[in-house]
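The lines below spell out each chain.
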Amino acid sequence: MASNDIKLPIFTSESEDPSQKKGLLGSDEPTGKNATSAVSAEQPKKIWPGYIIMIWIALSSSVILQNAYILRELKFNYPIWLTTFHLLYATAGTRVLLRFTNLLDGLKNVDMSWDRWLKNIVPIGALFSASLIFNNLAYLTLSVSFIQMIKAFTSVAVLTMSVLAGLDKFNSRTATVVTAISCGVALAAWGEINFAIDGFLYQVFGIMFEATRLVAIQKLLQGLRMDPLVSLYYYAPVCAGINCLLIPIYEGWGPFENVVELVGIPLLITNATTALLLNIAVVFLIGAASSLVLTLSGVIKDILLVVGSVVIMGSTVTFTQVIGYGIALAGLVVFKTPPEVLNAYIVRFKAAMGSR
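Predicted model, so just to flag it, every value in this text is computed and none were measured.

J.: Help me understand the nonpolar core in this model?
T.: Soluble globular proteins: nonpolar side chains tend toward being buried together. Counting residues in each nonpolar core, the largest one holds 43 residues, and the members touching the most others are L221, M226, L229 and Y234. Mapped by element, the contributors of at least two residues to this core are helix 3 (49–73), helix 4 (79–100), helix 5 (114–138), helix 9 (197–220), helix 10 (228–250) and helix 12 (265–285). Once residues lying within four places of it in the same chain are set aside, the contact partners of L221 are N120, I121, I124, A216, M226 and Y235. A138, V144, F146 and L305 belong to the second largest nonpolar core, which has 36 residues in total.

J.: Just checking my understanding: could you explain the pattern of salt bridges for this structure?
T.: Pairs can form between side chains of opposite charge once their charged atoms are near each other. A complete count under the given rule lists three salt bridges for this structure. Between K119 and D115 there is a salt bridge; the shortest N-O distance is 3.4 Å. Remark: D115 and K119 occur in helix 5; sequence separation between them is four residues, near one turn of the helix. For E210, the salt bridge identified is with R213, shortest N-O distance 2.8 Å. With E210 and R213 both in helix 9 and three residues apart, the pair spans about one turn of that helix. Like R213, E210 is buried.

J.: Even after reading the chapter, I still don't get the side chain of T337, so can you show me in this structure?
T.: Structurally, T337 is set in the loop between helix 14 (319–336) and helix 15 (339–354). Classification of T337 by relative accessible area gives buried; the value is 1%. Engagement of the side chain of T337 in a polar contact is seen with the backbone oxygen of V333, the distance being 2.6 Å.

J.: When you look at unusual backbone geometry in this model, what are you seeing that I'm missing?
T.: If a residue is not glycine, its phi is most likely negative; likewise, a peptide bond is most likely trans. One non-glycine residue, K75, adopts positive backbone phi at about 60°. With respect to the helices, strands and loops of the structure, K75 is situated in the loop between helix 3 and helix 4. Residue K75 is classed as exposed on the basis of its relative accessible area, which comes to 56%.

Conventions adopted
- What you see as residue numbers is a count from 1 along each chain, following the sequence as written.
- For this predicted model, a pLDDT threshold of at least 70 governs which residues receive local features, and a threshold of 80 or more governs which side-chain atom pairs are given and counted, while totals over whole chains, interfaces and linings are taken from all residues.
- To get the side-chain values, take all heavy atoms of the structure and skip hydrogens and water.
- The set of buried Ala, Val, Leu, Ile, Met, Phe, Trp, Tyr and Cys residues whose side-chain atoms join them within 4.5 Å is what this entry labels a nonpolar core.
- With a 1.4 Å probe rolled over the protein chains alone, any residue whose accessible area is under 20% of its type maximum counts as buried; one over 50% counts as exposed, and the rest are partly exposed.
- Numbering goes from the N terminus for both helices and strands, where a helix is a DSSP run of H or I of at least four residues and a strand is a run of E of at least two.
- Contacts are assigned to residue pairs with any non-hydrogen atoms lying within 4.5 Å of each other.
- Whenever Lys or Arg places a side-chain nitrogen within 4 Å of a carboxyl oxygen from Asp or Glu, that contact is recorded as a salt bridge.
- We define a polar contact as two N or O atoms separated by no more than 3.5 Å, with the added condition that, inside protein, one atom must be a possible hydrogen donor and the other a possible acceptor, whereas residues neighbouring each other in sequence contribute only through side-chain atom pairs.

Structure representation (structure tokens):
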């Protein structure tokens, strides 16, 4: 569900970092009479961030393409049911991970009372559920490529909600970047050949609920150290419970009657497993590289998704959309990169150009 711009601290010390555990990385045991001293002196090896980023890109892209394939190509028009299945699978999966791995050791650092669960977790879970449902509804009528272009507006929505909540302020830099991203997304929407107003509105609502959720996390969960898997542990059952109340009202018995025939159990399990693995990958991704590298990785993932949608699913992307999306992505990189970091790269670039 992979996907999220707010970076929360995960590990309080290196000893708690899963990437430092030998059981996860493996190592060649030294041999000879100095083996004991060599083992004690050897520093644990870290996973190269490039591997983690590539795995995250592959899993994130796979989940999106699979969802689009199931909902649109296979005509399984039950996005609430599919979302609920993912959440129930995640609920069970996080409990299994808690029992047999150390990936959810962060639960020990969370002081969760019933009062906090009811006042904080449930509202955020409801926003999360709405975001997932509306995002999946968009796949029924919009192409993956166009959806990715619209999602470039998410950062603008988060900033707007943060300003309204008093957590952030507009300045000349953010105003310029926001304008660029907005114009780029608008240009991409104007160039869409198969534009569907219902799908567009579903995606807009999905973005707004997601932005509200991210801001609510900052307001309601201050002081709680919750990494993506710990968050999923708490949110998944809440979202699944809410969705279970919606299925009989909006989708009835249709998904239960048609899921085996239209989708099949193997694809359904693969889809839910990929989504769960994506959340695990995000745990290792946070803190694995600089904010600029992660931002650029997200841009590469979005571009690959657009290309994959064209190649695999036959989507059409116009030249106008390429220009508009390019403007939006450039604005996104500037928006997510701290000014001091961006200025340092500009100085290096100018110095390199001047030395030629």
